[in-house]
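For reference, the chains in residue letters:
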Amino acid sequence: MVLSDDPLDSATRAELESRLAELEAERVALFDWLKKLGLILLGVTLAAMAIVSTVFGAEEDAYFVGIAVLLVALVYAFHRISKLRNRGKAELMGRIAQALGFDYRLNAAGFPLEHFRRLGLLPRFDRDNLHDHLSAETASGERLELVDAKLERKSRSRKRRGPQYRTVFTGLLLRVDAAETFSDQVLVLKDSGMVGNALGGWLRSDEPVHLESTRFNETFTVYANDQVEARRLLTPTVMQRCLELDAQTAGTPQIGFSEGRILIALDRGAPSFEMPQIWQKWDAAAFEAMLDDLRYALGAARLLGRELAQPEPRETARSGSA
Amino acid sequence: MEWVLLVLILLAVVVGYGWYVVLIRNRNRAQEALSSVDVHLRKRHDLVPNVLALARRFMEHEKELLESVTALRSKAQAPYDKGDPEQVKGHLDAERGLQGALRQLFAVSESYPELRSAETMLEAQKTYREVESNIAAARRFYNSAVTRLNTAVQIFPGSVIAGMAGVRPMPFFELEDESMRQPVNAADHI
């Protein structure tokens, strides 16, 4: 299934819009409440600081009290905002996913990253944060899984104590359990230039594959342990689609065919399926953005000829027609 | 002066040897690619007797076509020397001929409803498509290897070194006929 310009039926769209209106009311209420709370806290904090400073004569302690109250208030506000945004996202994404034939869960812990890591499809990382797990069956009965991932690498700083974490990947990870078995391993990785490829390829057991398209070879480096298998999988059409996907993606897409699975890592530079910020209006644009992210993800699956199976007719539609 | 001459000679020897290594490596690569093409072509050859046995039962009026497929298969299966570009070209031409005849056979079989719907024929067509897809991939590998070899052979001083080492350019494995290269007009198929 390819997502058309409007893949949601009118009933689903109406349901989403109604739920979004409720969420928007909650957002406005929370935002107003947080603003009021902020003003009250500011007043109370200034008063407390004045008392501590004048009555007890401890000016430094007064600043400490102010900062502590401010931090507690910020943590509390952040907690409330993220709780509402996550709930909104889970509800909207869950409904969109159901309408399009996906299973959805907000928490994606347990998604196997090891295979991606082993194939070198991801940058080196020490900490992962996975969410928005979507799974579905393709038209040919293969299982497709998709998660939104944020990967971080540990780094040390002279200025600050303890380990720091730097984001090295924010994007989507796709995994398809392919019906056909790949006898060999084929990797489509970002091209690292002549020197980078030579150094990177030095210790590899597989060998580089030079394909016919100069543009493709400038963008990607292909490694395989069977030259024929690589060309069977990377037909001119697939190569063209890889370039199209690259044009839509912040980082170069990394693709692996290995052990009967197709793995795709798409560094988008920003999280997907997100609700708008608390200060932005939550209208239909919120789920349109989620749909755009899904269109993009399914476009990546289509790259390799994987289409979703048509979703089952909805319960309500069935009972309505009966 | 003598030193300069010596360095130049040494440089020429190093470059010459380097080029020789590249030539031999590319030739071996092209021959390896040719072997992999042959592996997949053999699968095509193995398919032919089954298709012919089935076709003979239904396509009594296509005797000439069936005989030509048999003859082309025999020709394509004939042994050849992978190191001799002329023989390689002859072998690849024979394969192209067999591919064309098989395509024609499958196209003609469409006019025989009983044959078209026979389960064995459907199975054979499916296998044929898979085999052709693998042959196409192997052909791309071979042509890529041949491009590298021919470039190394034809660029000076490769032409001189190749002549001394007995390395010759190899033929490409072209598509079956010119019509397959033409752009498809969608209007013809709508």
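For clarity, every value in this text was computed on a predicted model and none was experimentally measured.

Caption draft 1: A look at the overall build of chain B. Scanning chain B from terminus to terminus reveals six helices and zero strands. Reading chain B from its N terminus to its C terminus gives the helix and strand order α-α-α-α-α-α. Taking 2.2 N^0.38 as the reference for a compact globule, 190 residues should give roughly 16 Å; the C-alpha atoms of chain B span a radius of gyration of 23 Å, well beyond that estimate. Across the 190 residues that make up chain B, the buried fraction comes to 39%.

Caption draft 2: Summary view of the sheet that holds strand S7 (residues 220–224) of chain A. Residue and element names in this part refer to chain A. Pairing within the open sheet is antiparallel, and its nine strands lie in the order S1-S2-S3-S4-S9-S8-S5-S7-S6. Unpaired on one side and paired on the other, strand S1 (103–107) and strand S6 (207–209) mark the two borders of the sheet. Looking at each pair of strands side by side, their axes are set apart by 20 degrees on average, direction ignored. Looking at chain direction, strand S8 (residues 254–258) and strand S9 (residues 261–267) are connected through five bridges and run antiparallel. When the sheet's bridge partners are listed, phenylalanine 257 is paired in S9 with isoleucine 262. Contacting S1 and strand S2 (127–137), helix H2 (residues 59–100) runs over the sheet at an angle of about 165 degrees to S1.

Caption draft 3: Structural context of the confidence of the model for chain A. Residues and elements named next belong to chain A. With 92% of its residues at a pLDDT of at least 70, chain A reaches an overall mean of 84. Summarising per-element confidence for chain A, the mean pLDDT is lowest in helix H9 (residues 315–321) (40) and highest in S7 (93). The low-confidence segment residues 314–322 (pLDDT under 50) makes six contacts with residues lying over four places distant or belonging to another chain.

Caption draft 4: A look at the packing of aromatic side chains. Residues and elements named next belong to chain A. Enumeration according to the criterion identifies five aromatic pairs over all chains in this entry. Summarising the aromatic geometry, the rings of tryptophan 33 and tyrosine 76 are spaced 6.1 Å apart at their centres and angled 65 degrees between planes, so their arrangement reads as edge-to-face. With tryptophan 33 in helix H1 (residues 10–54) and tyrosine 76 in helix H2, this residue pair connects regions lying 43 residues apart in the sequence. Lying across the ring of tyrosine 223, arginine 204 places its NZ or CZ 4.0 Å from the centre.

Caption draft 5: Summary view of the packing of helix H1 (residues 2–58) of chain B against helix H2 (residues 63–77) of chain B. Residues and elements named next belong to chain B. Where H1 meets H2, the axes come as close as 11 Å, and the angle between the chain directions of the two elements is 165 degrees. By the criterion of interaxial angle, the relationship of H1 to H2 is roughly antiparallel. Considering only the axes of H1 and H2, their crossing is left-handed. Facing H1, whose interface residues are His45, Val48, Pro49, Leu52, Ala55 and Arg56, H2 presents Leu66, Val69, Thr70, Arg73, Ala76 and Gln77. Grouping the constituent residues of the contact of H1 with H2 by class yields seven nonpolar, three polar and two charged.

Caption draft 6: Expanded view of the pairing of S7(A). All names here are of chain A. By the criterion of burial, S7 is predominantly enclosed, with five of the five residues buried. Burial along S7 is two-sided: Phe220, Val222 and Ala224 and Thr221 and Tyr223, pointing in opposite directions, are all buried. Pairing between strand S5 (residues 186–190) and S7: five bridges, direction antiparallel. The partner of leucine 189 across the bridge, within S7, is threonine 221. Two elements, S6 and S7, share three bridges in a ladder whose sense is antiparallel.

How each quantity is defined
- Residues numbered from 1 in each chain as written.
- Chains lettered and ligands numbered in written order.
- Predicted model: local features only at pLDDT ≥ 70, side-chain atom pairs only at ≥ 80, totals over all residues.
- Heavy atoms only, no water.
- Helix = DSSP H or I, 4+ residues; strand = E, 2+ residues; numbered from the N terminus.
- Rg over C-alpha atoms; globule rule 2.2 N^0.38 Å.
- Buried < 20%, exposed > 50% of the residue type's maximum accessible area, 1.4 Å probe, protein only.
- Pairing = 2+ DSSP bridges.
- Axes fitted to C-alpha atoms, helices over the stretch in contact; angles between N-to-C directions.
- Contact = heavy atoms within 4.5 Å.
- pLDDT = per-residue confidence, 0-100.
- Phe/Tyr/Trp six-rings, centres within 6.5 Å; stacked < 30°, edge-to-face > 60°.
- Lys NZ or Arg CZ within 6 Å of the ring centre and 35° of its normal.
- Parallel < 35°, antiparallel > 145°, perpendicular 65-115°, else oblique.
- Left-handed = near helix turned anticlockwise from the far one by under 90°.
- Nonpolar A, V, L, I, M, F, W, Y, C, P; charged D, E, K, R; others polar.

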